[in-house]
Amino acid sequence: MLLPLLLACTTPKSTHTEDTADTATPETGVPLDWGVVDACDGRPSGSFNDWFTADTALLVYGTAPEDRALAERVLGWYGSLGPAIELRAAIDLTEDDARENLLILGSPDTNPLLAAMNGSLPVWFEEGAFTFGGYRYTEPGHGIALMHPNPWNADGHVLLFAGNTWDGAFSTFTVRTGGTDYVTTRGRGVVQQSGSLCREDTPWSWVEGGRWDEDLRADWEAWTAGLESSSHLDGAEITLTYRYLPGSDAAADVDALLDARAADYAYVLATLDLAPLDAPIVSYLYPDNATKGEVTGNDGNAHANDLNHEVHEVYGADVHAATGHEDVHVIAWHRIGETSYALMGEGLAVGMGGVWWSEPLDDWATGFADADEIPPLAALITDFWSYEDPLTYPLAGHFVLFLLDGWGPDTLKALYVADDLDAAFVTELGLTTDEVEAAWRASIP
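I will try to describe carefully the structure that is included in this document. (Residues numbered from 1 in each chain as written. Predicted model: local features only at pLDDT ≥ 70, side-chain atom pairs only at ≥ 80, totals over all residues. Heavy atoms only, no water.)

## Describing the overall build of the chain
Piece 1. The helix and strand inventory of the chain stands at 16 helices and 18 strands.
Piece 2. Residues counted as buried form 53% of the 445 residues belonging to the chain.
Piece 3. Of the contacts formed within the chain by residues at least 6 apart in sequence, a portion of 64% connects residues at least 24 apart.
Piece 4. Accessible area for the chain stands at about 18,800 Å²; split by element, carbon and sulfur atoms hold 50% of it. (Helix = DSSP H or I, 4+ residues; strand = E, 2+ residues; numbered from the N terminus. Buried < 20%, exposed > 50% of the residue type's maximum accessible area, 1.4 Å probe, protein only. Contact = heavy atoms within 4.5 Å. Areas by Shrake-Rupley, 256 points an atom, 1.4 Å probe, with all protein chains shown as cover.)

What follows is the structure, encoded as structure tokens:
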């Protein structure tokens, strides 16, 4: 068995700074600065890129079916870029296996190797949380990618892509990891911390230069500390939560916004025959686009961070973007799956609203048809972003509703997650893409 081996070898590999060593998480007693060092007691960590210079490696995954599926995807992404990688379930890992170069994937609830390594790595895992770099990460979309020497092989490395949930682990593949030792995330594309662990001249540092040259986790906590919260209950369960500045337009309208969003949420679940989410959708409302850009790095009117069950929207004097559109992206990710096509992803979000810029989707489609401005369906499938949003978004919504009305929610969901939409039209509908387009155009009033 590997577990006794791990427990016998887990000795801390870091010393803690005087400033924060006396602050421990009450749940574990682990110092918040676990892994932050002021002196290195072993060889340097090496960057992510060093891992790919090895000859062989094991990709270690957890017990859930989605863990194996993600492992196979990672093997497809990285299998030809460096060492010869072999898949291995964590429960099957042997003592000899542990001495290999390891790529460890998943979350502590399904991959026991992560918690078993507590004490030998600069991150401390527990179920639903991890402690690293001065913070305790507790959100479902929190993840950490980390490169570290293998505690059981002086010549090997371990490379983690892990998180509090499967989604947290997946989030580490949505950001750039390469020249640094660690990156922490809070969902899709959102970096919190990034830098070096142990170097001869710099034992601990944030990455130098570029977008992430400071501790963005501190910026996020400073912003959210000043927000108020309101939630919508469905029985005893919180389904939606708003976070907003006191005294803002959002604060004045929050009750009406919650009521409308709750009705939209229920409509989407009923229409698509989906179960409620396991966690509430949290909506962060910003007074203007500039503030949203400063806090999130995205100054658009709205965007979803589906992996962390959250959306970010501007709600102020000039922009009222707090609609159910982004909620649909969150619901779809967790209850339907990942789509490979903007036509389907944006189409579903627009279609569930039934309107675009307050105008019915039928009116948009009719206007574009009369003006002969509807692009070929094949172009909308393969080149969606080459067209202007005021054209593609309402057309996508109309097209998805056409599929839903004609074939029902189960078929629509199968098309939504299809790797090859043209082939899926034939499999699910018995129609070629040209035949689907002809039927769709004929349905336009």
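Next comes the rest of the write-up.
## Points about helix 11 (residues 342-353)
Piece 1. Here helix 11 spans 17 Å end to end across 12 residues, near enough to the 16 Å set by a 1.5 Å rise per residue.
Piece 2. Immediately downstream of helix 11, the backbone of Gly354 shows phi near 80 degrees, a positive value. (Expected span 1.5 Å × (residues − 1).)

## Some details on unusual backbone geometry
Piece 1. Backbone geometry places Asp273, a non-glycine residue, at a positive phi of 55 degrees.
Piece 2. Relative to the helices and strands, Asp273 resides in the loop between helix 8 (249-272) and strand 14 (281-286).

## A word on the nonpolar core
One broad trend across soluble globular proteins is that nonpolar side chains are buried collectively.
Piece 1. In terms of nonpolar packing, the biggest core is built from 63 residues, with Leu272, Met344, Leu348, Phe399 and Phe425 touching the most fellow members.
Piece 2. Top contributing element to this core by residue count: helix 14 (residues 389-416), with 13 residues.
Piece 3. With near-sequence residues (within four places) excluded, Leu272 lies in contact with Ile336, Leu348, Met352, Leu404, Pro409, Leu412 and Lys413.
Piece 4. One finds Leu58, Leu114, Tyr135 and Leu197 within the second-largest nonpolar core, a separate group that totals 25 residues. (Core = buried A, V, L, I, M, F, W, Y, C linked by side-chain atoms within 4.5 Å.)

## Quick notes on the packing of helix 8 against helix 10 (residues 325-335)
Piece 1. Helix 10 packs onto helix 8 with a crossing angle of 40 degrees between their chain directions and a minimal axis gap of 10 Å. When the axes of helix 8 and helix 10 are compared, the pair comes out oblique. Remark: the crossing between helix 8 and helix 10 carries right-handed chirality. From helix 8, Arg261, Tyr265, Val268 and Leu269 reach across to helix 10, where they touch Asp327, Val328 and Ile331. (Axes fitted to C-alpha atoms, helices over the stretch in contact; angles between N-to-C directions. Parallel < 35°, antiparallel > 145°, perpendicular 65-115°, else oblique. Left-handed = near helix turned anticlockwise from the far one by under 90°.)

## Remarks on the side chain of Thr291
Piece 1. Locating Thr291 in the fold gives a position in helix 9 (residues 289-296).
Piece 2. Owing to a relative accessible area of 16%, Thr291 belongs among the buried residues under this scheme.
Piece 3. If we skip the residues at most four places from it in the chain, Thr291 touches Trp223 and Tyr286.

## Section: the pairing of strand 1 (residues 56-61)
Each regular strand displays side chains that alternate between the two surfaces of the sheet.
Piece 1. Most of strand 1 is tucked away: five of the six residues are buried.
Piece 2. Strand direction decides the pairing type here: strand 1 and strand 2 (residues 84-89), joined by six bridges, are parallel. When the sheet's bridge partners are listed, Tyr61 is paired in strand 2 with Ala89.
Piece 3. The pairing of strand 1 with strand 3 (residues 102-106) spans three bridges and is parallel. Each bridged residue has a counterpart across the sheet, and for Leu58 the counterpart in strand 3 is Leu102. (Pairing = 2+ DSSP bridges.)

## Regarding the side chain of His334
Piece 1. Among the structural elements, His334 can be located in helix 10.
Piece 2. Residue classification places His334 among the buried positions, given a relative accessible area of 18%.
Piece 3. Each residue touching His334, except ones within four places of it in the same chain, is listed here: Asp167, Leu277, Asp306, Leu307 and His309.

## Topic: helix 3 (residues 65-78)
Piece 1. The terminal C-alpha atoms of helix 3, which comprises 14 residues, lie 20 Å apart, in line with the 20 Å expected from a rise of 1.5 Å per residue.
Piece 2. In this structure, the buried residues of helix 3 make contact with strand 1, strand 2, strand 3, strand 8 (157-163) and helix 6 (166-171).

## Overview of the sheet that holds strand 13 (residues 237-244)
Piece 1. If you trace the five strands from one edge of the open sheet to the other, you get 12-13-14-16-15, paired in mixed fashion. Of all the strands in the sheet, the pair left with one neighbour each is strand 12 (228-234) and strand 15 (302-305). Each strand of the sheet is rotated relative to its neighbour by a mean of 15 degrees, with strand direction disregarded.
Piece 2. Where strand 13 meets strand 14, four bridges bridge the pair, whose relative direction is parallel. Its bridge partner lying in strand 14, Leu240 is registered against Ile281.
Piece 3. Each of strand 13, strand 14 and strand 16 (310-314) touches helix 7 (residues 216-225); the most contacted strand, strand 14, lies at about 85 degrees to it.
Piece 4. Across the sheet, helix 9 is in contact with strand 14, strand 15 and strand 16; its angle to strand 16 comes to roughly 145 degrees.

## As for the sheet that holds strand 4 (residues 124-126)
Piece 1. Judged by pairing direction, the sheet is antiparallel, and its three strands sit side by side in the order 4-5-6 without closing on themselves. The strands lining the two open edges of the sheet, one partner per strand, are strand 4 and strand 6 (135-137). Each strand of the sheet is rotated relative to its neighbour by a mean of 20 degrees, with strand direction disregarded.
Piece 2. For strand 4 and strand 5 (residues 129-132), the ladder comprises three bridges, and the chain directions are antiparallel. What sits directly across from Phe125, in strand 5, is Phe130.

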